[in-house]
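Residues per chain are reported as follows:
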Amino acid sequence: MVDNEYCVRLEIFEGPMDLLFHLVRENRLDICEIPISLITKEYLEHLDLMKTINIDLASDFLIVAATLIRIKSRTLLPVSEEGEEDEEEGTEIARPLSEYLRFKKAAETLATRPLLDQDVFVRRFSPEDWTDKGHGPMVQVGICDLIDVFKEIMENAKPEYLVDLTREGLSVKKRIAELVDILEKSSSITFQELFSSKTNRSEIVITFLAILEMVKMDMIRIAQQLQDGVVRIFYG
Amino acid sequence: MDNLSAIIESLLFVSEEPLSISKIHSVLKEFDKKKIREAIEALIERYQSQEHGFTLKEVAGGFQFRTRPEYSEWIKRLKPSNPVRLSRPALETLTIIAYRQPVLRCEIEEIRGVDCGGTIRTLLEKKLIRVVGRKDLPGRPLIYGTTRQFLEVFDLKDITALPSLKELEEPNILCPNDSKSL
Amino acid sequence: MDNLSAIIESLLFVSEEPLSISKIHSVLKEFDKKKIREAIEALIERYQSQEHGFTLKEVAGGFQFRTRPEYSEWIKRLKPSNPVRLSRPALETLTIIAYRQPVLRCEIEEIRGVDCGGTIRTLLEKKLIRVVGRKDLPGRPLIYGTTRQFLEVFDLKDITALPSLKELEEPNILCPNDSKSL
């Protein structure tokens, strides 16, 4: 997003594969017969433009140019006995580039399809028809809305709420949700049942942490039977 | 059917309201109003003579496709698959519950700074959240979490698939091993 | 046209989204799915053979009336539209996701050779792609796939309706196999 502010050129090409494609095309040459001086010159021009703008892009270009130079230098050296090695060097860059070009082509094809609301139209109905009345304006929500809303809320919230969730925390939360699902179906479950199918060590730890958390939250009760010593978890 | 009729048919098709001749003329300036009227009449004729699910009718000073009344029973059975629509406050409450679950109402209210009883009720009604337990605190407050329905609505495999803020904003956090090399 | 076709036509006419056979069947329980499919095929045939302003198309796993592309200019004169506009980088990222789904961000970046966080975010916002889960890899990266909306926007029956990458002729400026010229 920040990139867009700098130059429209990114609309034309964005980075290494694009650049490589551009350079190869501009010279209307086989990638296998790359005129290195031309490439370097063009590359330096791009670098001049980019280095003041985006160091990431500049370094990406450097990789492209370095790879090209390496390929070229190989072709200038006397052919050794091990011809296969050379072949690998050549394909190393040609393969991803040709893959990228296939997708580029596919993207062009996709763009030629009849586009909804540009080439083809469907019947639309005024949104009031379906919205619940009396709840103010409604938004149709997707994941991005959730994230955006969460971001806004957190920006306005007090500092103590700004700690983001850790991955471990998420896993425990997921396990809690799963346990609630299980307990909603059958109101109790034995400890053994919860762990028997889990061979994975971290799963066991996460399940255990989830149970502790749920006990702390008073979501579940745990009881042990006197006779057989079976530990049972009860919901609610 | 000539070309003009087909063009007018496409205009009537996409229009939410009845289209008057002069409205159509304003779009099809190349054709005179008489020609437009003739084309519309041919269309009306056509939809009347053939057995279609809808007909072209003159309504409120314009022309509009309308379904045949005899099929109204079937149409009423077709419920629009109602996408979940939430008010902004409900969305905020839902978001907090999704990211902070299991969570208490007072915690949600502390973050939002307003009473959330109404929005929580709405979300419970829409089955997007549920009560997952009670906390061992004075008053034994209810603990809330999201439901399976929530995952379905947001197309998530499970709650951990919920992307974090960081993941969508910071570049490269998803690819710890730099795979950008050619 | 028989009665069933006319009823289905009226349902398709009032529906804002593509209707699948099973959705239609849920309304028309009296008719079996085979009959429904036959009726729809008759309708498609009919709108294809006659010169109509719109046709019946199979889109995103359902059926929907859509205007003929040749009339788009007139329709745009009638109502200003707001089509999805994508930059070329966004379109490329979308294409890779469409063909390679379920796919990780780093896999997309490997093909494009650049950071794709921004374009992925744009595509998520436009609801053309979605998070389909997380991969069991270090960092549990998000997995992306295309949405129903994607199929609707690009007028695709289903994801297999995309031309295969092989079908798309490989440009000649490369000669990955011809290693002799090295």
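The written sequence of each chain sets the order in which its residues are numbered from 1. All chains are assigned letters beginning at A, and all ligands numbers beginning at 1, according to the order in which they are written. The predicted origin of the model limits local features to residues at a pLDDT of at least 70 and limits the giving and counting of side-chain atom pairs to 80 or more, whereas totals for whole chains, interfaces and linings rest on all residues. To get the side-chain values, all heavy atoms of the structure are used, and hydrogens and water are removed first.

Some thoughts on the overall build of chain B
Within chain B, the secondary structure is distributed over nine helices and six strands. In chain B, which comprises 182 residues, the proportion classed as buried is 52%. Contacts are assigned to residue pairs with any non-hydrogen atoms lying within 4.5 Å of each other. Here the contacts in chain B between residues at least 6 apart in sequence split such that 40% fall between residues at least 24 apart. Here, Shrake-Rupley sampling with a 1.4 Å probe gives the accessible areas, and only protein chains in the shown set may cover a residue. Of the accessible surface of chain B, which amounts to about 8,700 Å², a share of 49% is contributed by carbon and sulfur atoms. Helix and strand assignments follow DSSP, with helices taken as H or I runs no shorter than four residues and strands as E runs no shorter than two, numbered in order from the N terminus. A 1.4 Å probe rolled over the protein chains alone gives each residue an accessible area, and that area as a share of the maximum for its type sets the label: buried under 20%, exposed over 50%, partly exposed in between.

Concerning the overall build of chain A
Looking only at helices and strands, one finds ten helices and four strands in chain A. Along its sequence from the N terminus, chain A presents helices and strands in the succession α-α-α-α-α-α-β-α-α-β-α-α-β-β. Within the span of chain A, comprising 236 residues, buried residues form 41% of the whole. Within chain A, residue pairs in contact and separated by at least 24 positions form 51% of the contacts whose partners lie at least 6 positions apart. Split by element, the accessible area of chain A, about 13,500 Å² in all, is 55% carbon and sulfur.

Observations regarding the pairing of strand β2 (residues 62-67) of chain C
All names here are of chain C. Where burial is concerned, most of β2 is hidden: six out of the six residues are buried. Burial along β2 is two-sided: the residues G62, Q64 and R66 and F63, F65 and T67 are all buried. Whether two strands pair comes down to DSSP finding at least two bridges between them. Both strand β1 (residues 54-59) and β2 contribute to a ladder of six bridges, which runs antiparallel. Paired with L56 across the strands is F65, a residue of β2. In this antiparallel pair of consecutive strands, β1 and β2, the connection spans two residues, and A60 shows a positive phi of 45°.

Some words on the sheet that holds strand β4 (residues 103-104) of chain B
All names here are of chain B. Spatially, β4-β6-β5 is the arrangement adopted by the three strands of the open sheet, whose pairing is antiparallel. The strands lining the two open edges of the sheet, one partner per strand, are β4 and β5 (129-134). Taken together, the five bridges between β5 and strand β6 (residues 142-146) define a ladder with antiparallel strand orientation. Within β6, the residue paired with G133 across the bridge is I143. The sheet contacts of helix α7 (residues 117-125) involve β5 and β6, and relative to β5 the element is tilted by about 110°. Think of each axis as a best-fit line through the C-alpha atoms, taken over the contacting stretch in the case of a helix, with angles from 0 to 180 degrees between the N-to-C directions.

Quick look at helix α1 (residues 3-14) of chain B
Every α-helical turn comprises 3.6 residues, leaving residues that sit three or four positions apart pointing alike. All names here are of chain B. For a helix, the expected span equals 1.5 Å multiplied by the number of residues minus one. Given a rise of 1.5 Å per residue, twelve residues ought to cover 16 Å, and the 17 Å separating the end C-alpha atoms of α1 matches this to within 8%. Burial runs high along α1: eleven of the twelve residues are buried. Taken as a whole, α1 has its buried residues at L4, S5, A6, I7, I8, E9, S10, L11, L12, F13 and V14.

Focus: the packing of aromatic side chains
The description of two aromatic rings rests on the distance between their centres and on the angle between their planes. Between the rings of Phe, Tyr and Trp (Trp by its six-membered ring), a pair exists once the centres lie within 6.5 Å; its type follows the angle of the planes, with under 30 degrees stacked, over 60 edge-to-face, and the other angles tilted. All told, the structure shown has 17 aromatic pairs over all chains when counted by the stated rule. Plain terms: the ring middles of F54 of chain B and F65 of chain C are 6.1 Å apart, the flat faces sit at 90° to each other, and that makes the pair edge-to-face. Separated into two different chains, F54 of chain B in strand β1 (residues 54-59) and F65 of chain C in strand β2 make up a pair that spans both. Classification of F54 of chain B as buried rests on a relative accessible area of 0%. Assessed through its relative accessible area of 2%, F65 of chain C is described here as buried. The structure contains a cluster of three or more aromatic residues connected by ring pairs, namely F13, Y47, F54 and F65 of chain B together with F13, Y47, F54 and F65 of chain C. Directly above the aromatic system of F13 of chain B lies the positively charged group of R123 of chain A, at a separation of 5.8 Å from the ring centroid. Definition used: whenever NZ (Lys) or CZ (Arg) falls within 6 Å of the ring centre and also within 35 degrees of the ring normal, the charge is taken to sit over that ring.

Some points on the sheet that holds strand β5 (residues 142-146) of chain C
Residues and elements named next belong to chain C. Within the open sheet, the three strands sit side by side as β3-β5-β4. Their pairing is antiparallel. Each edge of the sheet is formed by a strand with only one pairing partner; in this case those strands are β3 (103-104) and β4 (129-134). Where helix α5 (residues 88-100) meets the sheet, its contacts fall on β3, β4 and β5, and the angle it forms with β5 comes to roughly 95°. Against the sheet, helix α7 (residues 117-125) touches β4 and β5, its axis set at about 110° to β4.

Here we look at the confidence of the model for chain A
Interpretation of the predicted coordinates at a detailed level should be avoided for regions scoring low in pLDDT. Residues and elements named next belong to chain A. Known as pLDDT, the predictor's per-residue confidence is scaled from 0 to 100. A residue-level look at chain A finds 47% of positions with pLDDT of 70 or above and a mean pLDDT of 67. When pLDDT is averaged over each helix and strand of chain A, the minimum, 38, is found for helix α1 (residues 2-6) and the maximum, 82, for strand β2 (residues 188-190). Taken as a whole, residues 83-89 scores under 50 in pLDDT and shows eight contacts with residues more than four places along the chain or in a different chain. Across residues 127-137, where pLDDT falls below 50, the model places 13 contacts with residues more than four positions away in sequence or in other chains.

Notes on the confidence of the model for chain B
Residue and element names in this part refer to chain B. Of all residues in chain B, 87% attain a pLDDT of 70 or more, and the chain-wide mean is 83. Confidence scores differ between elements of chain B, with helix α9 (residues 165-169) showing the lowest mean pLDDT of 70 and β6 the highest of 93. Below a pLDDT of 50 lies the segment residues 171-182, which in the model reaches 29 contacts outside its immediate sequence neighbourhood of four places, other chains included. For this predicted complex, the interface score ipTM comes out at 0.74, alongside a pTM of 0.68.

Quick notes on the nonpolar core
Ranked by internal contacts, the top residues of the largest apolar core, which has 54 residues, are I8 and L28 of chain B together with I8 and L28 of chain C. Considering each element in turn, this core owes the most residues, eight residues, to α1 of chain B. The contacts of L28 of chain C, once residues within four sequence positions are left out, are W74 of chain B together with L4, I7, I8, L11 and I36 of chain C. As used here, the term nonpolar core means buried Ala, Val, Leu, Ile, Met, Phe, Trp, Tyr and Cys residues forming a set that is joined through side-chain atoms within 4.5 Å. In terms of nonpolar packing, the next biggest core, distinct from the first, is built from 39 residues, F103 of chain A together with A60, L142 and L165 of chain C among them.

Thoughts on the packing of helix α5 (residues 88-100) of chain B against helix α6 (residues 105-112) of chain B
Residue and element names in this part refer to chain B. Running from amino to carboxyl end, α5 crosses α6 at an angle of 120°, the nearest separation of the two axes being 10 Å. Here α6 runs oblique to α5, going by the angle between their axes. Along this stretch, α5 crosses α6, giving a crossing that reads as right-handed. Here α5 contributes P89, E92, T93, I96, I97 and R100 to the contact with α6, which in turn contributes I108, I111 and R112. Polar here means any residue other than Ala, Val, Leu, Ile, Met, Phe, Trp, Tyr, Cys and Pro, which are nonpolar, and Asp, Glu, Lys and Arg, which are charged; Gly is therefore polar. Of the residues assigned to the contact of α5 with α6, the class counts are five nonpolar, one polar and three charged. If an angle is under 35 degrees, it is roughly parallel; if it is over 145, roughly antiparallel; if it lies from 65 to 115, roughly perpendicular; otherwise it is oblique. Take the far helix as your reference; a near helix turned counterclockwise from it by less than a right angle gives a left-handed crossing, and one turned clockwise gives a right-handed crossing.

Some words on the environment of R66 of chain B
Tracing the chain through its elements places R66 of chain B in strand β2 (residues 62-67). Taking relative accessible area as the criterion, R66 of chain B reaches 37% and is therefore assigned partly exposed. Considering only alpha carbons, one finds R66 of chain B and L56 of chain B, ten residues apart in sequence, at a separation of 6.2 Å. Not counting chain neighbours up to four residues away, the residues in contact with R66 of chain B comprise F54, T55 and V59 of chain B together with F13 of chain C.

A closer look at a nonpolar patch on the surface
On the surface, V205, F208, L209 and L212 of chain A cluster together to form a nonpolar patch covering roughly 340 Å² of accessible area. Structurally, F208 of chain A can be placed in helix α10 (residues 201-216). Patch construction takes residues with relative accessible area above 30% that form no salt bridge. Like charges are linked within 9 Å, and nonpolar side chains (Val, Leu, Ile, Met, Phe, Trp, Tyr) are linked within 5 Å. A side-chain nitrogen of Lys or Arg and a carboxyl oxygen of Asp or Glu constitute a salt bridge if their distance falls within 4 Å.

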